[in-house]
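Structure assessment
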Amino acid sequence: GQSLEQPSEVTAVEGAIVQINCTYQTSGFYGLSWYQQHDGGAPTFLSYNALDGLEETGRFSSFLSRSDSYGYLLLQELQMKDSASYFCAVYNFNKFYFGSGTKLNVKP
Amino acid sequence: GAVVSQHPSWVICKSGTSVKIECRSLDFQATTMFWYRQFPKQSLMLMATSNEGSKATYEQGVEKDKFLINHASLTLSTLTVTSAHPEDSSFYICSAYPPVSGGYNEQFFGPGTRLTVL
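Notes on the structure in this doc start here. For clarity, every value in this text was computed on a predicted model and none was experimentally measured.

Quick notes on the packing of aromatic side chains
- Counted according to the given criterion, the structure contains 18 aromatic pairs over all chains.
- Consider the rings of A:Tyr35 and A:Phe98, whose centres lie 5.2 Å apart with planes at 45°: the pair is tilted. Of the two residues, A:Tyr35 sits in strand β4 (residues 31-37) while A:Phe98 sits in strand β10 (residues 95-98), which places them 63 residues apart along the sequence.
- Looking at A:Phe98, the relative accessible area reads 9%, which means it is buried.
- Ring geometry for B:Phe34 and B:Tyr36: centres 6.3 Å apart, planes at 50°, overall tilted. With respect to class, B:Phe34 is no different from B:Tyr36; both count as buried.
- Following the ring pairs from residue to residue traces out a cluster consisting of A:Tyr30, A:Tyr35, A:Phe45, A:Tyr48, A:Phe87, A:Tyr91, A:Phe96, A:Phe98, B:Phe34, B:Tyr36 and B:Phe109.

Description of the pattern of salt bridges
- For the structure on display, the rule yields four salt bridges over all chains.
- Close ionic contact of B:Glu59 with A:Lys95 constitutes a salt bridge, the shortest N to O distance being 2.8 Å. Of the two residues, B:Glu59 is situated in the loop between β6 (57-58) and β7 (67-73) and A:Lys95 in strand β10; the pairing between them involves two chains.
- You can call B:Glu59 buried: its relative accessible area is 14%.
- A:Lys95 gets classed as buried once you look at its relative accessible area, which sits at 17%.
- Measuring nitrogen to oxygen at the nearest pair gives 2.9 Å for the salt bridge that ties B:Asp88 to B:Lys66. Of this pair, B:Asp88 sits in the loop between β8 (76-81) and β9 (90-97) while B:Lys66 sits in the loop between β6 and β7, and the two are 22 residues apart along the sequence.

Thoughts on unusual backbone geometry
All names here are of chain B.
- Here the residue pair His7 and Pro8 is connected by a cis peptide bond, since its omega of 0° sits within 30 degrees of zero.
- Structurally, Pro8 can be placed in the loop between β1 (4-7) and β2 (10-13).
- Residue Ser83 is not a glycine yet carries a positive backbone phi of 45°.
- Mapping Ser83 onto the fold places it in the loop between β8 and β9.

Criteria and cut-off values
Residues numbered from 1 in each chain as written. Chains lettered and ligands numbered in written order. Predicted model: local features only at pLDDT ≥ 70, side-chain atom pairs only at ≥ 80, totals over all residues. Heavy atoms only, no water. Phe/Tyr/Trp six-rings, centres within 6.5 Å; stacked < 30°, edge-to-face > 60°. Helix = DSSP H or I, 4+ residues; strand = E, 2+ residues; numbered from the N terminus. Buried < 20%, exposed > 50% of the residue type's maximum accessible area, 1.4 Å probe, protein only. Salt bridge = Lys/Arg side-chain N within 4 Å of Asp/Glu carboxyl O.

Dropping the structure here:
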């Protein structure tokens with residue numbers, strides 16, 4: 001089976017940096033994706049890691065350690081519009097399995 | 001990015017009726033589409049993988065006779081919730097996955113359909 005764990009909620013102030021962790025246990029693994037979802041909306045793709053290391057896309061970066069079955073999403077220069085839920089997802093056998101999600105609250 | 005549409009965006013129906021939800025990839029051909037279900041403040045749960053020209057593959061615990069999936073063309077997949085009951089009320093989201101020659105490709109999500117069964 002697949003198991004992905006994330007913190008349920010994180011709060012940070014505008015302009016700060018926040019890290020959202022994801023640990024996974026899966027029967028197979030090709031890579032780890034990150035998605036953002038605002039209330040009532042559909043998920044949007046943020047980042048994907050297939051290999052160990054850091055991937056940077058603007059204010060967002062994602063890290064993967066396959067040996068530790070661990071990854072994180074780093075959000076820099078937080079803005080109010082970053083308040084949303086963030087999901088990690090394992091890509092495995094041409095399917096995606098989502099983590100429990102982390103609600104990020106950005107305060108002024 | 002690619003565009004995926006979903007129709008309807010919301011639907012209210014009476015218990016016992018069937019509801020059909022359409023998922024279309026508008027500017028690319030999708031040999032594979034996924035159907036997810038999401039309860040409030042919870043994660044996306046993969047229900048099934050829809051493959052064009054073949055039967056859908058359902059995840060464990062998902063009733064294939066209740067959630068009928070048809071992938072009639074490379075741009076259209078439908079999910080029919082048969083004999084809907086209040087516990088089927090949820091947010092249903094599809095995604096389309098373009099064909100790739102090995103490796104990973106991004107999945108593109110539709111806007112979702114909110115189903116309320118009275």
